[in-house]
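# Descriptive analysis of the structure
In case you want the letters, here they are:
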Amino acid sequence: MHDFVARTEHRLTRFINERLRQQLYRDRARVEVTHWEAPDEPVSFAEATAQTFAPFEVGTPWGPPWGTVWFHVTGTVPVGWGKEADTRPELHVDLGFAGGGTGFTCEANAWSAQGTLIKALEPMNRYVTLDAGPGESFELFIEAAANPVVPSFNWYQPTPVGDKATAGTDPIYVVNTLEVALLDTGVWELSQDVDALRGLMLVLPAESTRRHQILSALEDMMDAVDPHDLAGTAARGREVLRPALESPAGRSSHVVHATGHAHIDSAWLWPVRETIRKCSRTFSNVIALMDEDPDLTFACSSAQQYEWVRDHYPELFERIREKVAEGRFVPVGGMWVESDTNMPGSEAMVRQFVLGTRFFIDEFGFEPKDVWLPDSFGYSGAMPQIARAAGKDSFLTQKISWNDTNTFPHHTFWWEGIDGSRIFTHFPPSDTYNSHLSAEELARSERQFREKGRATHALVPFGWGDGGGGPTREMMAAARRKADLEGSPKVVVDTPAEFFAAAKAEHGHLDTWTGEMYLEYHRGTYTSQHRTKAGNRRSEHLLREAELWWTTAVVREGATWPKEQFDRLWKQVLLQQFHDILPGSSIAWVHHEAEQHYGAIAAELEELIAEAGRILLGAGETPFVLNARPFADHGVPALGVAAATEPRIAEVASSGDGFTLSNEALLVELDANGLVTRLFDRRAGRDLLPPGQVSNLLQLHRDIPNEWDAWDINSHYKQVTRDLTEVVSIATVPGGVVIERSTGASSITETVTLDEAGLHLDFDIDWHDRQKLLKLTLPFALHAREATSEIQFGHLARPTSVNTSWDAARFETVAHRWLHVSEPGYGVALANSCTYGYDTLRTTDGDGNSVTTVRPSLLRAPMFPDPDADQGHHQLSFLLVPGAEVGDAVEAGYAENLPTRVLAGAHGVDPLVTIDNPAVVVEAVKLAEDGSGDVVVRLYESRGGRAAAVLGVGFEHGPVVATDLLERPLATGTRSPLVGQDRLELRPFEIVTLRIGRA
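Residues numbered from 1 in each chain as written. Predicted model: local features only at pLDDT ≥ 70, side-chain atom pairs only at ≥ 80, totals over all residues. Heavy atoms only, no water.

## With respect to the overall build of the protein chain
Stated formally: Under the scheme used here, helices are H or I runs from DSSP no shorter than 4 residues and strands are E runs no shorter than 2 residues, and both carry numbers assigned from the N terminus. The quantity called the radius of gyration is restricted to C-alpha atoms. Its globule counterpart is 2.2 Å times the number of residues to the power 0.38. Between buried and exposed lies partly exposed: a residue is buried under 20% and exposed over 50% of the maximum accessible area for its type, with that area taken using a 1.4 Å probe on protein chains only. Residues are treated as being in contact if the distance between any of their heavy atoms lies within 4.5 Å. Residue exposure ignores everything except the shown protein chains as possible cover, and the areas themselves are Shrake-Rupley values with a 1.4 Å probe. In this count, Lys and Arg are taken as positive residues and Asp and Glu as negative ones, while His and the chain termini are left out. Throughout, a charge is located at the NZ atom of Lys, the CZ atom of Arg, the CG atom of Asp or the CD atom of Glu.
Counting its secondary structure elements, the protein chain contains 18 helices and 52 strands. At 31 Å, the protein chain has a C-alpha radius of gyration in line with the 30 Å of a compact globule built from 999 residues. Seen through its C-alpha atoms, the protein chain measures out along the principal axes to roughly 95 × 65 × 60 Å. For the protein chain, the proportion of its 999 residues judged to be buried stands at 62%. The contacts in the protein chain between residues at least 6 apart in sequence include a share of 74% that link residues at least 24 apart. Within the structure as shown, the protein chain displays about 35,800 Å² of accessible surface, and the carbon and sulfur contribution to it stands at 49%. Taking the 89 positively charged and 139 negatively charged side chains of the protein chain as two groups, their mean positions are separated by 4 Å.

Right under this line is the structure:
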């Protein structure tokens, strides 16, 4: 038989493009269009439709960047359109949809004349089904958003459109199509048949019998239909294809559980205000499709997005509530937003689950049991325990498939956290959370599935995402055709819970991954947009202080708990921990707003703290110290208020060669350029600096990533380095010296001081470099095999050597408030105020001495998506503690982030709770979420060992009950850390939540 495969495939391509796609609509008719342009920010339907609309012609430009134009569309369905049963009239719209796909260009909402949100109009979803029959008129309003295409074909080219102030005012889109069109449903169904079979054919092996059978069927179909009259012959073509579509899959076929999804970044290449509208567009799309298609299920995370819809689109929210009750619109994840997991602090990570899950319970009577984080940039080793303590039993992500060096070895597995907690975890092997259910994606799912041979089930989230959009009718058509199709994995449309149940049922043995899931990519997100990160860190600790002192004021003085304020402030902080805000990977608009919000949050919390202090201390002029730390400080008890003594500062001596700082613990020598040339621990009798090296050295690196500017640091940054050794000026101050340096573009003021806590390095930087990375270099004469970094409720150790590809890929890592390096018998802690990115490496000098070098990343200057990222003023602080164990590092981290404060009053205040073991750390003291007035105390074992402790309660109280994170008593049969009314036994890194009833 002659080989005509290529010729037939070419014929098929032309048939699809020239005939099949062009005849989806049988006829078209004009509509009348008028418009009104909102002068600034978006307005409501009622306000928009009350305006005067002007005539508008199709083909006319519209919409300045970030602008909104309302189109009023009226028309009549032609009389002759009602004769054929396999047709339906639709409004067909092309607003000038640019490249980039759904969610990254202009998009719109279609509203009824009565103000009901119908559905969205987007590049891959351009229709609105009309209720009007032949000869009947219709009326619609289209709320069109002129969102610019931010990435101009790459992820590094600077663009002004990410800031409304620089985006311009000229229209950027042209309406190409606005008409009423008659959809031929028979031709549309034939199109879906052809797409399903052609896609499958192209992923099958060239020599596959099934591939050739499909091609023959498609060839026969092209012969059977009349290309000039598909409307009249589509049914004949479908009948020819029927045997190929009805050939069933094999018994052992891979099973793909397809759940509708629409990943909506809560802010990214658009501001938060636009995300609110994206939610309305996506959710209305989903509801409209559910009304047409009873098989669709849709998984949707992020309580914040539901709350936006509830507050801004109440009628749509009620329709969502109905679909949730049906089990088809499924809340997943149980978090406030799909947050970053590397940088949020311990209590903030808890509140993501507490506020998110409580919202779903309160609004829908539904509690998600899974964690849904497909797109976060790596996953903290604390997450399994936090998730389990929040009532979750399953975890889903996909982002680790982006690794640039190593392929993650599992798709379905147990993920074990730093404390030993495990959670059932799945990575969709299709490597996407925005699947279209294409044959290529389904084949990839089967090809890459690591557990095949032991398992057959995998999950695929399908629907347009990142910028929203959701499932389409074409995707549902693909799912039906591939439900049981020879050569393809089986597709079943269901919910994540149904997938997890099936996956757990078939797994007799699962491999285990222990510790963090480090993303070998996007390492720059630990540093980009420093002011956003500093605002987050400060907000987390101010919230801790405010909750502690207000809880104390309620218990001690009968004050009224400001619940509404705390809920609102926490929600704002949690929103800004979203995985494109806190990591610094959003447009300028987003980060400007975040910084403004952090300023307002800090001001409000400072006032709350001051008010609680006034209530607690009473009227008086005596200065008292408020210590919100979990450790005593200069005579002030942990979590209490008392008079205190000031720490003693070091003696400072200067000579022509430099400066000396000295106290009982340390001797620090600096040269004339302000570089530390000696760091001597008097108590241990050892020099910490390697011979011939200097410390507190600032190094400036060229930082031009290969692709993702704000996201990435590539390892080649180390190849171009400039040491900032010259000084502009240097002078003594009490307890230390102040040094001014310049990079040429930026000015840096560093204050080096010594006191009882350790060596302080405080930086005030006016930063104007671009595409540079500023690091602080701190070498130590230590043979440290690992660098120990704080994460939520504990720490983890990472190798300082580079033996494997996994070590090599982990060249930039994340730490919270402290990092610790040590050799047996001696260690050094470095605490910070607002820094997250580090590289730590052990080397050997020319004389064979081991050198461990810690290098915090201070600032970056990426050019996309914010061309002015990080430009301007920054403050960063570090505390270096020689001779420190891990427990000292924990204490230093709290000290650097929770400075004590002085208020005048009449008397001190005893702590509400005490713990007699310093390894057990109180992370939060608050009132119960249910309004009962019970006191909730959250604590954890901080050093990685077992610990026993006695809880002291400093007020009249009822029973002390161990609870989950949602403050519910632990389930019967669950191990309790509470072994008596006041005695605790904690496992390594165990998180304990105690609910204390008030008498």
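## Some points on the nonpolar core
Generally speaking, soluble globular proteins have nonpolar side chains that are buried together. Applicable threshold: What is meant by a nonpolar core is a set of buried Ala, Val, Leu, Ile, Met, Phe, Trp, Tyr and Cys residues, joined one to another through side-chain atoms within 4.5 Å.
Membership of the largest hydrophobic core comes to 171 residues, with the highest contact counts inside it found for Phe-283, Phe-329 and Met-517. Among the elements that take part in this core, helix α16 (residues 588-617) stands out by supplying 11 residues, more than any other. Those residues within four positions of Phe-283 in sequence are excluded, and the remaining contacts are Ile-264, Phe-298, Cys-300, Gln-305, Val-309, Leu-316, Ile-320 and Phe-329. If you look at the next biggest cluster of nonpolar residues, it comprises 47 residues, including Leu-666, Val-737, Leu-759 and Leu-778.

## Some remarks on unusual backbone geometry
In the segment running from Phe-864 into Pro-865, the intervening peptide bond is cis, with an omega of 5°. In this structure, Pro-865 sits in the loop between β43 (850-859) and β44 (872-882). In the Ramachandran plot, Gln-529 falls in the positive-phi region, its phi being about 55° despite a non-glycine side chain. Structurally, the position occupied by Gln-529 is in the loop between β22 (512-514) and α14 (530-557). The backbone of Phe-989 sits at a positive phi, close to 60°, despite the residue not being glycine. Checked against the element boundaries, Phe-989 lands in the loop between β51 (983-986) and β52 (991-998).

## Remarks on the environment of Arg-523
The condition that has to hold: Two N or O atoms form a polar contact when they lie within 3.5 Å of each other; inside protein one atom must be a possible hydrogen donor and the other a possible acceptor, and for residues adjacent in sequence the pair counts only when both atoms belong to side chains.
Looking at where Arg-523 falls in the secondary structure, it is placed in the loop between β22 and α14. A C-alpha to C-alpha distance of 22 Å links Arg-523 and Ile-418, two positions 105 residues apart in sequence. Here Arg-523 is in contact with Asp-404, Tyr-518, Trp-711, Asp-712, Ile-713, Ala-809, Phe-811 and Glu-812, once residues within four sequence places are set aside. Side chain to side chain, Arg-523 and Asp-404 meet in a polar contact 3.0 Å long.

## Regarding the packing of aromatic side chains
For clarity, the threshold we go by: The rule is short: rings of Phe, Tyr and Trp, with Trp giving its six-membered ring, pair when the centres are within 6.5 Å, and they are stacked under 30 degrees, edge-to-face over 60, tilted in between. Here, a charge over a ring means that NZ of Lys or CZ of Arg falls within 6 Å of the ring centre while also lying within 35 degrees of the ring normal.
Following the criterion strictly, the structure yields 46 aromatic pairs and no others. Residues Phe-395 and Trp-415 carry aromatic rings whose centres are separated by 5.0 Å and whose planes lie at 75° to one another, so their mutual orientation is edge-to-face. Of the two residues, Phe-395 sits in strand β17 (residues 394-396) while Trp-415 sits in strand β18 (residues 412-416), which places them 20 residues apart along the sequence. Of the two residues, Phe-395 and Trp-415, neither departs from the other in class, the shared state being buried. Ring pairs connect the aromatic residues Phe-104, Trp-155, Trp-268, Trp-270, Trp-402, Tyr-521, Trp-708, Trp-711 and Phe-864, which therefore count as one cluster. A cation over a ring is seen here: Lys-119 above Tyr-127, with NZ or CZ 4.3 Å from the ring centre. A cation over a ring is seen here: Arg-473 above Tyr-127, with NZ or CZ 3.5 Å from the ring centre.

## Looking at the sheet that holds strand β26 (residues 658-662)
Here is the rule: The pairing criterion for strands is at least two bridges between them, as found by DSSP.
Strand order in the open sheet made by the 5 strands is β25-β26-β27-β28-β29, with antiparallel pairing throughout. The sheet is open, and its two borders are formed by β25 (651-655) and β29 (686-687), each paired with just one other strand.

## Side note on the packing of α14 against α16
Inclusion rule: The axes used here are C-alpha line fits, helices contributing only the stretch in contact, and every angle between their N-to-C directions lies in the interval 0 to 180 degrees. Convention used here: angles under 35 degrees read as roughly parallel, angles over 145 as roughly antiparallel, angles from 65 to 115 as roughly perpendicular, and any remaining angle as oblique. Helix crossings get a hand from a simple test, with the near helix turned counterclockwise from the far one by less than a right angle marking a left-handed crossing and a clockwise turn marking a right-handed one. Each residue gets one of three labels, nonpolar for Ala, Val, Leu, Ile, Met, Phe, Trp, Tyr, Cys and Pro, charged for Asp, Glu, Lys and Arg, and polar for the others, Gly among them.
As a packed pair, α14 and α16 sit with axes 8 Å apart at the nearest point and diverge in direction by 25°. In terms of orientation, α14 lies roughly parallel with respect to α16. For α14 against α16, the interelement crossing comes out left-handed. When its residues are assigned to classes, the contact of α14 with α16 shows 16 nonpolar, 6 polar and 8 charged.

## Describing the pairing of strand β41 (residues 826-832)
Among the 7 residues in β41, 7 count as buried, and that is most of the element. By the alternation rule, side chains of β41 split into Tyr-826, Val-828, Leu-830 and Asn-832 and Gly-827, Ala-829 and Ala-831, which are all buried. Pairing between strand β40 (residues 818-823) and β41: 6 bridges, direction antiparallel. Pairing of Trp-818 across the sheet is with Ala-831, part of β41. In this structure, the hairpin formed by β40 and β41 is closed by a connection of 2 residues, where Gly-825 is found at a positive phi of approximately 95°. Bridge count for β41 against β44 is 5 bridges, and the pairing is antiparallel. Along β44, the bridge assignment pairs Asn-832 with Phe-878.

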